[in-house]
Structure formats: C-alpha cells, structure tokens
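Chain by chain, the residues:
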Amino acid sequence: MSLNVEPGTLRALPSEKPLRLLDNAGHALEGEVTGGFELPDADTLLELYRRMVVARRFDVQVTALTRQGRLATYPSALGEEACEIGAVSAIRPEDWFFPTYRDSVALLTRGIRPADILASFRGEWHNGYDQREHRTAAQATPLATQTLHAVGLAHAARLRGEPIVALTFLGDGATSEGDAHEAFNFGAVWQTPTVFVVLNNQYAISVPLERQTNAATLADKAVGYGMPGYFVDGNDVAAMYAVTKAAVERARTGGGPTLIEGFTYRIEAHTNSDDPSRYRDQREVEHWRRRDPIERLEKYLVSEGVLTESIREEIAAAAEALAAATREAMNEEAELDPLELFDHVYAAERPALREQRDALAAELAARSEGGER
Amino acid sequence: MTTAHETETKTEAAVDAAPAASAGATASAAPVTMAGALNRALHDAMADDDTVVVFGEDIGPLGGVFRVTDGLQAAFGADRAWDAPLAESGIVGTAIGMAVYGLRPVVEMQFDAFSYPAFEQIVSHVAKMRNRTKGRLSLPMVIRIPCAGAIGGVEHHSDSSESYWASTPGLTVMMPSNPADAYSMLREAIAGDDPVIFMEPKSRYWAKDELVLPVRTAPADRAVVVREGTDVTLIGYGPTVRTALEAADAAVDEGLSVEVIDLRSLSPFDDATLDASVRKTGRAAVIHEAAKFGGYGAEVAARITERNFFHLAAPVLRITGFDIPYPSPKLEEHHLPTPDRVLEALASWEWELA
Ligand SMILES: Cc1ncc(C[n+]2csc(CCOP(=O)(O)OP(=O)(O)O)c2C)c(N)n1
C-alpha cells in the first residue's frame, strides 16, 4: 500500500510489513508487498549492483586500514549498502545530499574521491571535499542537525524557483532528537522538496530500537507531520531506489517531503572503538548476514542473465582498483599546514587571530631551526 | 544579487559618505526608537538585496513581539518575511540550509533565553561551517537576539547570554546601544559574509534619538569613545552604555573626568581603541548585566591587563550583575548594575587616587 496522497488528507499508516520488490532469494515480487512500485529496469539494477559492490569493497578496505591505525575512526556501513546506495542513486547530480558520519559509501556514489571522504576520519581536517562541486554537505556528527539544513536548502531552492531536491539521511537513534522532529515538521509545513531517509540499522551505538521508540515503525511518524511515510526493506536496493525515486520526483514537482525508513542492520561495530558483543548476540548478526543486500540483487541479476561472469569480473576488478587506490592514498602522509588553521575562521582577517597565527609561525620556525642543528 | 565584494565596497563608501551619527542630526531630524531603526534597517536591506529573507516566531502579521519586523511581510510578501513554526533549532537550522543555497536569512529568537534550544545549531554548525569546509561554505546569516533585562520580564525573558556566543570562534557578536548604531550595525551584519549574533538590548528598544535614517556610523567592529575623559575609562555595551554615561556625569561632582567607551562589537574585540584610552587614563572598569563569574567582563579585564599592565595605576574592575539566575521583576533593580554601584567601585581606588 503506497501513501501517495495529498497533504492534509493523509490518514493511512505505512504498511506493517516492509515494502519490497525482491525477496531474499532474489525473486521478483508482486502484489501488495510491492506497494505498487515497479522493479527498476535491468540497466539501473546492474548499475546499483556495481555501486554496492564497489562500496562494500571500499568499506571493508577502510575498516582494515582503521585496524592498522591508518585512520583514527571509521563508522562502517557494511550491510547497509542497499539503503545508502539505493536512496542516494535516486537523486540527480544537481540535487543536494546531507549525509551523516556513517554515509561515506554514499559519498563515493556522489563521485567524491576516497582520500577526500577519509580526510576527516584520518584527522586531517573536519571535512575534505568541495561541498558545492559535489552538492553534498559536510558529514554531520551532531545527530539529526543536518536534516534541518536539508529543509532550509530545499526551501531556498523552491523560493528561487529552482527544481532542486534535498536528500538527507539519519539513523534510527537520531529520530529521537528534537532536530529530527523539527525538520519533519518544518518540511511538512513549508512543503519543501526534501526526502528524509531513516537508515534503521536497529542500534544507536548499543541501544536497540525498542528502547528508542514505541512506534510500530519509524515511517509511522510521517503521518503525524502530514507527509507520506514508507516502511521499506532496507536490504532491497530495488525497493529503496524505487521508493526514493518516486519521493524525489514528487518533491521536485511540488508534492512536498517524504519520510522513508529503510529497515536494515549494521553488521560491523558502531565504529572501531565499539564492542558490539556487549549488547547483541552473534546469532543475530549471522541471521542478518544471510540477508545480504548485495547477494540478493546478485541472485536476481544472474537468474535474469543480466549479470554475466565477465561483467562480474569487471566489477570486481574496478572494486579492487578502488581499494588499491584507497590504500595508496592512506599510505601517503598528507601535507598539512598548521598556519591554515587560522585561514577559515572568518571571512575578514581579525587582528587577534593574525597575532596568534604569527606566534605559531614563529614557534614553527624556531622548531625547524632547532631540528636543523 | 550583489557579490560580497560589491557589498563591502558599498558599505565602505557609505561609511565615508555619511556623517557621523552624533553629527548627523539635520534640521529635519525626528525622534527614532531603536526598534524603529532596526525595523528600517531590515526594510532597507530587503529592498536593496532580494536574497535577504526574514523569518522567526510571530514576525509576520504581528511584526514580532517587539515590532522590529513590523510591516516587512506587507512590504515584501510571505516569501521574504514569514512566520516559522515554533522551534528555535528549526529556525536556525533551516536558515543554515538557506544560507548555503545563497540566501541571506535574518532570523529572530524571540527572547534571549529562548535561543538556547538553538544553541547546538549555532555553536556546532553556524560558527564552524566556514572552518570545517575550509572556507568553501560560509554562512551569511544574522541571528537577532533581544537580550538583557530591566523590562520587568518574568523568568527566561531577561538573560544576558553574550559570553556564550562571544567565546565561540567563528561567530561575530554585536550589540548596539542606540538607534543610529542599531541601524548601521544591522545593515553591516546583513551585508557581511560571516554569521552574526546580533544582540538587541530590550531596555533600549524604546529609547529615542533625533535622527535621519538611513545613517552610517563607525564600522561595526570598532569600539567608540562616546565621552572623553582623562582619569578613568568606563567600558559598557548595549544597556550599560547609558549606565556608564550616567555614572560619568555624576562623577564630575567628585572631580573625576571619566571616559566612556561603547564596545559595540563583543567579537571581534577592538583592542586598539581600549588600549589607547587606558594608556591615557591608567584606569579601567567594565560594566555588564550578566553574572560576573566567567562573564564577558573577565575577558575585557584580562585583555586590558595583558596589554597595558605597566600603564595601569589600578586593577581593572568589573561592575556586573550578581552571580545568580536573573531575578523576578520586583527584585531585578537590586541585581542590575547602577550608576551608584559604578561610582562606589571607582571609589575603591581612592587609596591610589589620593
Ligand atoms: C547530538 C548527539 N548526541 C550524541 C552523539 C554521540 N553519538 C554518535 S553516533 C550515536 C548513535 C547514533 O545512532 P543512529 O542514529 O541509530 O545512527 P547509526 O550510528 O546507527 O548509523 C551517538 C549517541 C552525537 N553524535 N550527537
């Protein structure tokens, strides 16, 4: 059952069962469970597959590099690729994306270089890519704060008559934050072209979903704000893509915001400093491993004859190349200029900051002279 | 849309062309309140630049609870001035997205203590956006905050929150004390490319000056000597500039010549103007309504001392509110720094003055 209805007339709740287009065995589904959405065409699915495979390889590589101490921290998205890639693939390059710390693989899909994505996790600078070039905001750490930025940007675009959509991701834990509520409400009241995607990986660090909300689904929350809500199988990239795409097009044509919940699972730890064995059972993890989003699409594409062995090899090679490039980039020590610390605080120079900059410069000069002796 | 560079040039030119506020009164000067001057500044900024938008709680048909946004919606339409849902974090957070997309939002927090729900958006995002994005994104936005007390407000309506903002790198914090500065500084805040916390002392909203608008006063990042003197430098900002001036008048009877400085900009801090004055007088005291402990006056005193220790004849004093939550209206007179308290504090130097 889909909820594509006019604002103000919304009464129905999202379906109780997650909406899906492919089952876990990779069979195309029909009937009510699809919510009236159609399976994307073969080319689109193959491209989504390619993006997920590359993203997975990247994620695994970065997690390994983190264990080797090359990165200070990295929040893995392993197992969540269908949510990340399905949703972010549904917007156009000119649309804006407002990600969180966990959404590095979505940034990859936006065309951002691995080294630039990882600059913040390596501790080089808080953010390493050009926001305007990629129409992608800096990854937000304070939970749910970025959802308001997405509403504001979408509102500004609409005021200027530009058909731009703002997509934003947030976690299940983040839906408890006041800012998430404020963003849903502002977006719905102002009817902004914003699409909210909740990546429900069932844990906020150690806190499980049932301690986070008493709602049957997080998508249910949409109803109270007066916007459509969709409860989607977050391990079905076809469904995530199709539902997000419909929401994006509705937003673009003046239909207002949508809340989409992708129901998925975090396979890895919250970050490298987390110990998930303290709060979840390994059998639960294994259960979800058997619901892998990449394998599901792979089965379908193979059965349809779309994914041939040679294409699979070509994709695997591309993923390996990206992993190698990522390793190489992380092996290089970045050139950091401490004096740049003062360059990006204010537009205009401030005397007090210039004094502090000069003091640091003198200190650095003295240190390098000392080193030469 | 004007570019940042053009805006800067315009502002500079206007500063040069316009007479100083105090000398600016002409034959047709009329009484203007600070609220009126702020309203006119918003109006003129919106007329000059169609990327300027104004939103907040009750700012539309009502014109804001202090009427600072009066008539803006009627003049510019609901796409330029509109009522936001009642949520401060939402107001500031959405303004961030708008600023990223090229608008210049000017948002209102209804009262100082109601800016606290937006604290995270202001401190974590507004202040840091330029820095974390290596200068690729800046946020040309203004957050207007009616501030401080002495209006008989009940709880949460009289806070002085300036030191939270002033100690946050990335924010510019301004507080005008009179209608001319209110107009000029707000125009400058809106035209600038950095986010500005624009604090408006509520007790001065209805204070009137004879004035012809538009007016350009000194650049907003400068402190201004509003009364010359040779014995003591009294430093105030916003509501306490009047306190300082009254104390200076009264001190004449005691044979003291008091110089009064209106700080105007809390961040950046105009060390040069302060240094020059303190080196002349050898003594300084700072007045504010906020609590003394860890308050803004501590920063003022420390800066003056660090830079001018050998020119000082006495320790820098702070005359402030008590270290208590802002009191109820019937008791607030006991909390607020008065000219008498200022004089008393200056008298504590007597052993040295003699
Ligand atoms: C405002 C805020 N409070 C606390 C934190 C610390 N923190 C970081 S991630 C996290 C859990 C978030 O869980 P969820 O929203 O489900 O996203 P996930 O990490 O599972 O993707 C917490 C508590 C934070 N980043 N921001």
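Residues numbered from 1 in each chain as written. Chains lettered and ligands numbered in written order. Predicted model: local features only at pLDDT ≥ 70, side-chain atom pairs only at ≥ 80, totals over all residues. Heavy atoms only, no water.

Novice: Can you help me understand the environment of B:K128 in this one?
Specialist: Residues and elements named next belong to chain B. Inspection of the secondary structure puts K128 in the loop between α5 (119-126) and α6 (129-132). Overall, K128 belongs to the partly exposed group, its relative accessible area being 43%. For K128 and S138, which are 10 residues apart along the polypeptide, the C-alpha to C-alpha distance reads 9.1 Å. (Helix = DSSP H or I, 4+ residues; strand = E, 2+ residues; numbered from the N terminus. Buried < 20%, exposed > 50% of the residue type's maximum accessible area, 1.4 Å probe, protein only.)

Novice: Can you walk me through the interface of chain B and chain A in this structure?
Specialist: At the junction of the two partners, chain B supplies 45 residues and chain A supplies 42 residues. Buried area between chain B and chain A, both sides added, is near 3500 Å², and the carbon and sulfur share of it is 59%. Area buried by chain B at its contact with chain A is led by B:Y101, B:R132 and B:R136, which between them contribute 22% of it. The residue A:E355 makes a salt bridge to B:R307 at a minimum N-O spacing of 3.6 Å. Seen at the junction of chain B and chain A, the total is 22 residue pairs in polar contact (both at pLDDT 80 or more). Counting residues per element, the ones that place at least two in the side of chain B that touches chain A are β3 (81-83), α4 (88-100), α5, α6 and α11 (296-308) of chain B. Considering every element that reaches the side of chain B that touches chain A, the biggest residue donor is α4(B), with 10 residues. Split by residue class, the side of chain B that touches chain A holds 16 nonpolar, 17 polar and 12 charged. (Contact = heavy atoms within 4.5 Å. Buried area = accessible area lost by both parts, 1.4 Å probe. Salt bridge = Lys/Arg side-chain N within 4 Å of Asp/Glu carboxyl O. Polar contact = N/O pair within 3.5 Å; in protein donor to acceptor, adjacent residues only side chain to side chain. Nonpolar A, V, L, I, M, F, W, Y, C, P; charged D, E, K, R; others polar.)

Novice: In this structure, what is going on with the packing of helix α2 (residues 81-88) of chain A against helix α10 (residues 237-252) of chain A? I would like to understand it.
Specialist: Between two packed helices, what matters for the description is the angle formed by their axes and the separation of those axes. All names here are of chain A. In contact at an axis separation of 8 Å, α2 and α10 are set at 35° when each is read in the N-to-C sense. Of the two possible hands of crossing, α2 and α10 adopt the one that is right-handed. In contact with A82, C83, G86 and A87 of α2, α10 contributes V237, M240, Y241 and T244. (Axes fitted to C-alpha atoms, helices over the stretch in contact; angles between N-to-C directions. Left-handed = near helix turned anticlockwise from the far one by under 90°.)

Novice: Any chance you could explain the site of the ligand here in plain terms?
Specialist: Near the ligand there are 16 residues, and of these A:Y101, A:R102, A:G173, A:A174 and A:Y203 occur at the shortest range. Those residues lying near the ligand are distributed over chains A and B. Between the ligand and A:L143 there is a distance of 3.2 Å, counted from a nitrogen atom to a backbone nitrogen or oxygen. A:D172 is positioned such that a nitrogen or oxygen atom in its side chain is 2.9 Å from an oxygen atom of the ligand. In the complex, the protein chains occlude 74% of the 580 Å² of accessible area that the ligand would expose alone. In the shell around the ligand, the residues fall into seven nonpolar, five polar and four charged. (Near = heavy atom within 4 Å. Areas by Shrake-Rupley, 256 points an atom, 1.4 Å probe, with all protein chains shown as cover.)

Novice: Help me understand the sheet that holds strand β2 (residues 52-56) of chain B in this model?
Specialist: Backbone-to-backbone hydrogen bonds pair the strands of a sheet. The strands run either parallel or antiparallel. Residue and element names in this part refer to chain B. The strand order β3-β2-β4-β5-β7-β6-β12 describes an open sheet built from seven strands, whose pairing is mixed. The strands lining the two open edges of the sheet, one partner per strand, are β3 and β12 (265-267). In this sheet, adjacent strand axes meet at a mean angle of 20° when their direction is disregarded. Bridge analysis of strand β4 (residues 104-108) against strand β5 (residues 142-147) gives three bridges, and the strand direction is parallel. Looking at the pairing, E108 lines up with R144 of β5. (Pairing = 2+ DSSP bridges.)

Novice: It is not clear to me how the UniProt feature "domain: Dehydrogenase E1 component" (unreviewed entry) in chain A should be interpreted in this structure. Could you clarify?
Specialist: Here, UniProt's "domain: Dehydrogenase E1 component" (unreviewed entry) annotation points to residues 50-330 of chain A. Secondary structure within residues 50-330 of chain A divides into 49% helix and 11% strand; the distance between the first and last C-alpha atoms comes to 24 Å. (UniProt positions renumbered as here; feature names shortened; annotations may be inferred.)

Novice: Would you take a moment to explain the sheet that holds strand β6 (residues 229-233) of chain A for this structure?
Specialist: Residues and elements named next belong to chain A. Read across the sheet, five strands follow the order β1-β2-β3-β7-β6 without closing on themselves; strand pairing throughout is parallel. The open sheet has two free edges, formed respectively by β1 (96-98) and β6, since each of these has just one partner strand. The mean inter-strand angle of the sheet, taken between neighbouring strand axes irrespective of direction, is 20°. Summarising the sheet, β6 and strand β7 (residues 258-263) pair through five bridges and their orientation is parallel. Counted as the bridge partner of D233 is F263 from β7.

Novice: Please clarify how the packing of aromatic side chains should be interpreted in this entry.
Specialist: The way to describe two aromatic rings as a pair is by their centre distance and the angle between their planes. Within this structure, the stated rule accounts for 25 aromatic pairs over all chains. Seen in terms of ring centroids, A:F184 and A:F196 are 4.9 Å apart; in terms of plane orientation they differ by 80°. Their pairing is edge-to-face. Taken as a pair, A:F184 in helix α7 (residues 178-190) and A:F196 in strand β3 (residues 194-200) lie far apart in primary sequence, 12 residues in all. By relative accessible area, A:F196 is classed as buried at 0%. Measuring from centroid to centroid gives 5.2 Å for B:F66 and B:F111, while their planes differ by 65°, and the two rings are edge-to-face. (Phe/Tyr/Trp six-rings, centres within 6.5 Å; stacked < 30°, edge-to-face > 60°.)

Novice: Looking at this structure, I do not really get the confidence of the model for chain B. What am I missing?
Specialist: If pLDDT is low for a region, its predicted coordinates should not be looked at in detail. All names here are of chain B. Averaged over every residue, the pLDDT of chain B is 91; the share at 70 or more is 91%. Predicted confidence is poor over residues 1-25, with pLDDT under 50, and the contacts of this stretch with residues over four places away or in other chains come to 23 contacts. For this predicted complex, the interface confidence score (ipTM) comes to 0.88, while the overall pTM stands at 0.91. (pLDDT = per-residue confidence, 0-100.)

Novice: Please clarify how the packing of helix α1 (residues 42-67) of chain A against α10(A) should be interpreted in this entry.
Specialist: Residue and element names in this part refer to chain A. For the pair α1 and α10, interaxial distance at closest approach is 10 Å and the crossing angle is 115°. With respect to α10, the element α1 is oriented roughly perpendicular. Crossing of α1 against α10: the hand is right-handed. Two secondary-structure elements touch here, α1 through T44, L45, L48 and M52 and α10 through V237, A238 and Y241. Classifying every residue of the contact of α1 with α10 by side-chain character gives six nonpolar, one polar and no charged. (Parallel < 35°, antiparallel > 145°, perpendicular 65-115°, else oblique.)

Novice: Which parts of the structure should I look at to understand unusual backbone geometry?
Specialist: Most peptide bonds are trans, and most residues other than glycine sit at a negative phi. All names here are of chain B. The linkage connecting L213 with the following residue, P214, adopts the cis geometry, with an omega of 0°. With respect to the helices and strands, P214 occurs in the loop between β8 (208-211) and β9 (224-227). For the peptide bond that leads from S267 to P268, omega is 5°, which places it in the cis range. Checked against the element boundaries, P268 lands in the loop between β12 and α10 (271-281). Residue D58 is not a glycine yet carries a positive backbone phi of 60°. Considering the arrangement of structural elements, one finds D58 in the loop between β2 and α3 (72-76).

Novice: How should the environment of A:A138 be read in this particular structure?
Specialist: Of note, A:A138 is situated in the loop between α5 (131-134) and α6 (145-159). Residues A:A138 and A:F97 lie 41 residues apart in sequence; the distance between their C-alpha atoms is 9.3 Å. Ignoring any residue separated from it by four or fewer positions in sequence, one finds A:A138 in contact with A:P99, A:N127, A:Y129, A:Q131, B:R132 and B:T133.

Novice: Explain α1(A) here, please?
Specialist: In an α-helix, one full turn covers 3.6 residues, which means residues spaced three or four apart are oriented alike. If you check α1(A), its first and last C-alpha atoms are 37 Å apart, about what 26 residues at 1.5 Å a residue would give, namely 38 Å. Taking the backbone nitrogen of A:D43 as reference, a side-chain oxygen 3.3 Å away marks A:D41 as the first, capping residue of α1(A). (Expected span 1.5 Å × (residues − 1).)

Novice: Can you help me understand the pairing of strand β14 (residues 317-321) of chain B in this one?
Specialist: Within a regular strand, the side chains alternate between the two sheet faces. Residue and element names in this part refer to chain B. The element β14 is largely enclosed, with a buried count of four among its five residues. Pairing between strand β13 (residues 284-291) and β14: five bridges, direction parallel. Counterpart to A291 in the pairing with β14 is G321. One crossover worth recording links β13 to the parallel β14 by way of α11, and it is right-handed. (Right-handed = clockwise from strand over helix to strand, strands pointing away.)

Novice: Looking at this model, I keep getting lost on the pattern of salt bridges. Mind explaining?
Specialist: Side chains that differ in sign of charge can pair as their charged atoms come close. The final tally for this structure, using the stated rule, is 43 salt bridges over all chains. We note a salt bridge from A:E249 to A:R92, for which the minimum N-O separation is 3.9 Å. Here A:R92 lies in the loop between α2 and β1 and A:E249 lies in helix α10, a separation of 157 residues in the sequence. A:R92 gets classed as partly exposed once you look at its relative accessible area, which sits at 35%. Note that B:D275 is salt-bridged to B:R307, the shortest N-O span being 2.8 Å. In this pair, B:D275 is assigned in helix α10 and B:R307 in helix α11, connecting sequence segments 32 residues apart.

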